[in-house]
Amino acid sequence: MANLHQHRSLQPTGPPAQGPSQHTHARLNEAFDTIRQEFDVLTSDLGLLRNQRDEYESKVTSQINELNIIRQSLYELESQHGKIRQQYEEELSRLRAELHAARQGIPAGAPPHPTVGPGSIGPAGPPAPPPTVPGVQPTTGPGSYNDPYYSRDREREREREKDRERADREREREREIRDRDRELRDREQRDRERERPGEVSRDPKRIKTERMKNDRPGKPFSSSSARSSPPHGYRAPFSPPLSATDHYSPSLGPGPTPKLPAPGAPPTFQGPGLPPHPSAHAPYPPGPGNPPPAGPAEQSSSASTSLAPVSSTPNGGQFPDDLDPHNVPPELKKEGSDWFAVFNPKVKRVLDVALVHTLMHESVVCCVRFSADGKFLATGCNRTAQIYDTKTGAKTCVLADETAGKAGDLYIRSVCFSPDGKYLATGAEDKQIRIWDIAKKRIRNVFDGHQQEIYSLDFSLDGRLIVSGSGDKTARIWDMVEGTSKVLTINDPDSMDSDAGVTSVAISPNGQLVAAGSLDTVVRIWDVASGMLIERLRGHRDSVYSVAFTPGGKGLVSGSLDKTLKYWDVSGLVNGGAKRKDAAANGKKEVEKASQCTMNFMGHTDYVLSVAVSHDGQWVVSGSKDRGVQFWDSHSATVQCMLQGHKNSVISIDLSPAGSILATGSGDWQARIWSYQTI
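Residues numbered from 1 in each chain as written. Predicted model: local features only at pLDDT ≥ 70, side-chain atom pairs only at ≥ 80, totals over all residues. Heavy atoms only, no water.

The protein goes by Transcriptional repressor Tup1 N-terminal domain-containing protein in an unreviewed UniProt entry, where it is assigned to Hydnomerulius pinastri MD-312. As stated in UniProt under Sequence similarities (unreviewed entry), the record for the protein gives "Belongs to the WD repeat TUP1 family." (UniProt positions renumbered as here; feature names shortened; annotations may be inferred.)

As structure tokens, then:
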């Protein structure tokens, strides 16, 4: 049985049957081989692409280096061109003065007659090119730095008018020279004819020639006529009598503004961060300390009684005229790779400055503003507002309204943090104020009402109110909670014929006063509660572009296109409008003592575009079209330091409320963060 059982368990042997599993394994192996081959091909392609990428990056780096070399060459050429142009203009002025002196019989060393009119001041030198940005042509920047506060059309028209006037003057001089030569020839001919009796005298021809010359319109006025009457075509702006809210400031004398040397020629930037310069009025209206060409202005008794003692530091307040920033002693200069600071040799050095961060932008930087805690810096440029970490320089937020029209430029002219740091207010060319929720990057409110571009914004310290200034001759107070607004209108009779657009606004620390600088040279102060105009501060000789209260609210600093800053004592107004009304009821003399200009800050060589006061009230800082930033002692109006680093106008500056940090925004497409400290 056992053998039988074992026999039954035996199975037939032979080759295994070909089942479906054998085919599956073969196909998988073929697929793996195919994938492996494709992977090898892709790996090879990836290696080639990496090599190409490295090659392209090398080429791009080389191109960027070449562009930077070209840019540096352009800057050097610009500097040389500015020096040559200045030498040419000086030589031309000297030759014209000699020609004028020869015609009038004036000694050669006498000073030439001053030029009067809108063409007597103005931008000089070529514009600085924008920084190197791959893929962006310099001429496609924001109007090639020819935007507001000057419009492009207005600027071109003004240049054409200047060219026409210059050509007319040249033709007039040539005609006068020809007439004088003809007269001399006639005189010689008459002398010869007198020696030949019997011939007819030609005196009638001489008389006719002189009559034609004297009757010719637009004849250049002589030095004698300048002393007796203003030149033809000179039209001084309004000069209204002093009222209860008018206060004039004396200047420091009719002489020229002392010059502070700057590297290269001054820029010609008229950037989108600036309101349009009024072309209707003369550059320097006559006033105390600034007589018109006809002679010293006669001051009324009321005007003279309103003049306050003005701090005057004629020689120690500014840099020496002959100071060369490139050849100053080492202890009076601090240099970085692309910036330097020069300290006033006439005063003790008590300040140190250093560059912390350079923040590149894609267009002109129109405005800079710190948050209340100083941890963040907001900037405004074309279509976007940026927020940076002050300590690291990192960009933390970009705010752009995607619903805004895409055509043309839309510059953010002003930015301002709410005191709690949660919101950022932006004012733009489209006449709208946007309140951004920073955390959500969304618009919380939009305030409409202004009829022209918005140039300035300022929050009250409690965050309830925000003040705006616009080119439409109004400032407005907006309630953040209720959404209502109060309009502060400039409707003075004397401002009807001039551009009184508001360029800058500031609300006092106690929230009771709003100050506004205007294109018509006047600083106005309103009472917040009533909306009444309670003060007009007069003294600047050109448009006021910036105002700032001191931390205590008792002082107001203003900066102007007349190249100066002024400090106004407004302590009589800090208690609101009630005290002002009481003073007005007690007599005009008491009213005139309410706000006085107590200090003039002189030293910039071009327009002052922005001013700020340090958190401790020790320093006044100003930015200018001369590309420089100056630190001033707020108690003496003495300049401590001149800072140069930007390649174009310093349009906007701000000092951190929390500490010794300065921010600057410029037409060179950069914002910079600086540190300063007392030593």
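(A) Geometry of the overall build of the protein. If you tally the helices and strands in the protein, you get eight helices and 31 strands. Counted over contacts in the protein with a minimum sequence separation of 6, partners at least 24 positions apart contribute 60%. With the model as given, the accessible surface of the protein reaches about 34300 Å², and the carbon-plus-sulfur share is 53%. (Helix = DSSP H or I, 4+ residues; strand = E, 2+ residues; numbered from the N terminus. Contact = heavy atoms within 4.5 Å. Areas by Shrake-Rupley, 256 points an atom, 1.4 Å probe, with all protein chains shown as cover.)

(B) Seen up close, the sheet that holds strand 22 (residues 555-560). Judged by pairing direction, the sheet is antiparallel, and its four strands sit side by side in the order 21-22-23-24 without closing on themselves. In the strand order of this sheet, the two ends are held by strand 21 (544-549) and strand 24 (596-602), each with one partner. Ignoring which end each strand starts from, the neighbouring axes of this sheet average 20 degrees apart. Relative to strand 22, strand 21 is paired through five bridges, and the arrangement is antiparallel. Across the sheet, residue V547 finds its bridge partner in strand 22, namely S558. (Pairing = 2+ DSSP bridges. Axes fitted to C-alpha atoms, helices over the stretch in contact; angles between N-to-C directions.)

(C) The pairing of strand 10 (residues 423-428), seen in detail. Burial of strand 10 is extensive: six of the six residues sit out of reach of the surface. Burial of the side chains of strand 10 extends over both faces: Y423, A425 and G427 are buried on one face and L424, T426 and A428 on the other. In this structure, strand 9 (residues 412-417) lies alongside strand 10, joined through five bridges in antiparallel fashion. If you follow V415 over to strand 10, its bridge partner there is T426. (Buried < 20%, exposed > 50% of the residue type's maximum accessible area, 1.4 Å probe, protein only.)

(D) Looking closely at the pattern of salt bridges. Under the criterion given, the structure shown has 21 salt bridges. For D352, the salt bridge is made with K334, and the minimal N-O distance between the two is 3.3 Å. Residue D352 is found in strand 4 (residues 351-360), and its partner K334 is found in strand 2 (residues 333-335); the two are separated by 18 residues along the sequence. Assessed through its relative accessible area of 24%, K334 is described here as partly exposed. For D338, the salt bridge is made with R672, and the minimal N-O distance between the two is 2.5 Å. Note that D338 is positioned in the loop between strand 2 and strand 3 (340-343) and R672 in strand 31 (residues 670-678), a separation of 334 residues in sequence. Since its relative accessible area comes to 31%, D338 is described here as partly exposed. R672 sits in the buried class, given a relative accessible area of 1%. (Salt bridge = Lys/Arg side-chain N within 4 Å of Asp/Glu carboxyl O.)

(E) Summary view of the nonpolar core. With 20 residues, the main nonpolar core has I387, L399, V415 and L424 as its most contacted residues. Counting residues per element, this core draws most heavily on strand 9, which supplies three residues. Beyond its immediate stretch of four places on either side in the chain, V415 contacts C367, V368, R369, A378, T379, G380, A385, L424, A425 and T426. (Core = buried A, V, L, I, M, F, W, Y, C linked by side-chain atoms within 4.5 Å.)

(F) The pairing of strand 23 (residues 564-569), seen in detail. With respect to burial, strand 23 is a largely interior element, five of its six residues being buried. For strand 22 and strand 23, the ladder comprises five bridges, and the chain directions are antiparallel. Bridging from a neighbouring strand, G559 pairs with L565 of strand 23. Hairpin remark: strand 22 followed by strand 23, antiparallel, with three residues in the connecting loop; positive phi at K563, about 75 degrees. With six bridges joining them, strand 23 and strand 24 adopt antiparallel strand pairing. Within strand 24, the position partnered with D569 by the bridge is Q596.

(G) Representation of the packing of aromatic side chains within the structure. Going through the model one piece at a time under the given rule, you end up with five aromatic pairs. Ring geometry for F447 against W478: centres 5.0 Å apart, planes inclined by 10 degrees, an arrangement best described as stacked. One end of the pair, F447, is in strand 12 (residues 442-447); the other, W478, is in strand 15 (residues 474-479), and 31 residues separate them in sequence. The class for W478 is buried, based on a relative accessible area of 2%. (Phe/Tyr/Trp six-rings, centres within 6.5 Å; stacked < 30°, edge-to-face > 60°.)

(H) Structural view of the environment of T426. Note on placement: T426 falls in strand 10. What makes T426 buried here is its relative accessible area of 3%. As for T426 and S468, which are separated by 42 residues in sequence, their C-alpha atoms are 10.0 Å apart. When near neighbours in sequence (up to four residues on either side) are disregarded, T426 contacts A385, I412, S414, V415, Q432, I433, R434, W436 and L457.

(I) Seen up close, a nonpolar patch on the surface. A surface patch of nonpolar side chains, about 360 Å² in accessible area, is lined by L67, I70, L74 and L77. Tracing the sequence through the fold places L74 in helix 2 (residues 20-104). Take L74: its relative accessible area is 44%, and that puts it in the partly exposed class. (Patch = residues over 30% accessible without salt bridge, like charges linked within 9 Å, V, L, I, M, F, W, Y side chains within 5 Å.)

(J) Highlighting the UniProt feature "repeat: WD" (unreviewed entry) in the protein. As annotated by UniProt and renumbered to match this structure, "repeat: WD" (unreviewed entry) occupies residues 412-446, 447-480, 495-536, 537-571, 601-633 and 643-679. Here residues 447-480 is 0% helix and 56% strand, with 10 Å between the C-alpha atoms at its ends. When the span residues 601-633 is considered, its composition is 0% helix and 61% strand, and the gap between its end C-alpha atoms is 10 Å.

(K) Examining the sheet that holds strand 5 (residues 367-370) more closely. The strand order 5-6-7-8 describes an open sheet built from four strands, whose pairing is antiparallel. The two strands at the open ends of the sheet, each matched to only one other strand, are strand 5 and strand 8 (395-399). In this sheet, neighbouring strand axes are inclined to one another by 20 degrees on average, regardless of whether the strands run parallel or antiparallel. The sheet contact formed by strand 6 (residues 376-380) and strand 7 (residues 385-389) spans five bridges and is antiparallel. Each residue of the ladder has a partner; that of L377, found in strand 7, is Y388.

(L) Structural view of unusual backbone geometry. Positioned with a positive phi, R627 is a non-glycine residue whose angle comes to about 75 degrees. With respect to the element layout, R627 can be found in the loop between strand 26 (619-624) and strand 27 (628-633). Residues other than glycine seldom take positive phi values, yet W669 does so here, at roughly 70 degrees. Residue position: W669 is located in the loop between strand 30 (661-666) and strand 31. Relative accessible area serves as the criterion here: at 2%, W669 is assigned to the buried category.

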